[in-house]
Amino acid sequence: MKRAARLGLFTAPVLLLAASVGAGQGSAQFSAMPGVAHPARARVDYMLKCQGCHHPDGGGNLVNTPPLRGEVAKFLAVPGGREFLGRVPGVASTDLDDARLAELLNWTLYTFDRQHLPAGFQPYSPGELAKLRKAPLRLERAEMRAGLVRAIENHQKRAKN
Ligand code: HEC
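None of the values given here were measured: they were computed from a predicted structure.

### Considerations on the overall build of the protein
Within the protein, the secondary structure is distributed over eight helices and zero strands. N-terminal to C-terminal, the α/β element order of the protein is α-α-α-α-α-α-α-α. The burial tally for the protein puts 22% of its 161 residues in the buried class. By sequence separation, contacts in the protein at least 24 residues apart represent 69% of the contacts at least 6 residues apart.

In structure tokens form, the structure reads like this:
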């Protein structure tokens, strides 16, 4: 009983959101997203698969989920960063096929951190994600992430000088 009520509470807002996303489909804001065949579908996939942790605005939280907004594309500027984004468990283990996952990851990059996309950014392809997600990161990811964050900081310092 309780469980059903909770589920009901959960689905109603998601459906409302999905409807409002559909209404925005085809508008100009979605035009420049190579590698994203259906931006509205990617957005709903984000709502269903990612935002529970990363939050609707990509802000994450200070306790256990890093922000995507204003941050996530910085990983693409350092060696190993591109692979890391395809291998973190939240991405690699998501219950979506390779094409939908590539679309969702590209959408995430454009939507939350377009300003840090490197010049000449090539969107993830389904084939690339198929390979990366075959090797999902486990406990080693914390250390790997810390190393990448240090590399990003150094990269930013160099860019300022
Ligand atoms: C259960 C919570 C959870 C879910 C669900 C989740 N993530 Fe994450 N995500 C994390 C955490 C925690 C990290 C930090 C790395 C790690 O420890 O896995 C992370 C890292 C990332 C990163 C690498 C950037 C960084 O700062 O480490 C990307 C990109 C990302 N997530 C995207 C997604 C996408 C896209 C989805 C949905 C398909 C998703 N995540 C679902 C918790 C989650």
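### Concerning the site of the ligand
Taken together, the neighbourhood of the ligand is formed by 20 residues, with Lys49, Cys50, Cys53, Pro66 and Gly90 sitting nearest. Those elements that place two or more of their residues in the shell around the ligand are helix 3 (51-54), helix 5 (89-92), helix 6 (98-113) and helix 8 (141-160). Here the residues of the shell around the ligand sort into 10 nonpolar, seven polar and three charged.

### Points about the nonpolar core
Core analysis: the largest hydrophobic core is formed by 22 residues, its most contacted members being Val72, Leu101, Leu104, Leu105, Trp107 and Leu129. Breaking this core down by element, the ones donating at least two residues are helix 2 (39-49), helix 6 and helix 7 (126-133). Looking at which element gives the most residues to this core, the answer is helix 6, with eight residues. In this structure Leu101 touches Val91, Thr94, Leu96 and Leu129, once residues within four positions along its chain are discounted.

### Quick notes on the environment of Gly80
In this structure, Gly80 sits in the loop between helix 3 and helix 4 (81-87). For Gly80, a count of 12 C-beta atoms within 10 Å translates into the label exposed. Linking Gly80 and Arg145, residues 65 residues apart in sequence, is a C-alpha distance of 9.9 Å.

### Some points on the environment of Pro34
With respect to the secondary-structure elements, Pro34 resides in the loop between helix 1 (2-24) and helix 2. Linking Pro34 and Gln122, residues 88 residues apart in sequence, is a C-alpha distance of 8.4 Å.

### Digging into the environment of Met144
Note on placement: Met144 falls in helix 8. The residues touching Met144, leaving out its near neighbours within four places in the chain, are Phe84 and Leu137.

Conventions adopted
- Residues numbered from 1 in each chain as written.
- Predicted model: local features only at pLDDT ≥ 70, side-chain atom pairs only at ≥ 80, totals over all residues.
- Helix = DSSP H or I, 4+ residues; strand = E, 2+ residues; numbered from the N terminus.
- Buried ≥ 20, exposed ≤ 12 C-beta atoms within 10 Å, placed from the backbone.
- Contact = placed C-beta atoms within 7 Å.
- Near = placed C-beta within 6 Å.
- Nonpolar A, V, L, I, M, F, W, Y, C, P; charged D, E, K, R; others polar.
- Core = buried A, V, L, I, M, F, W, Y, C linked by C-beta atoms within 7 Å.

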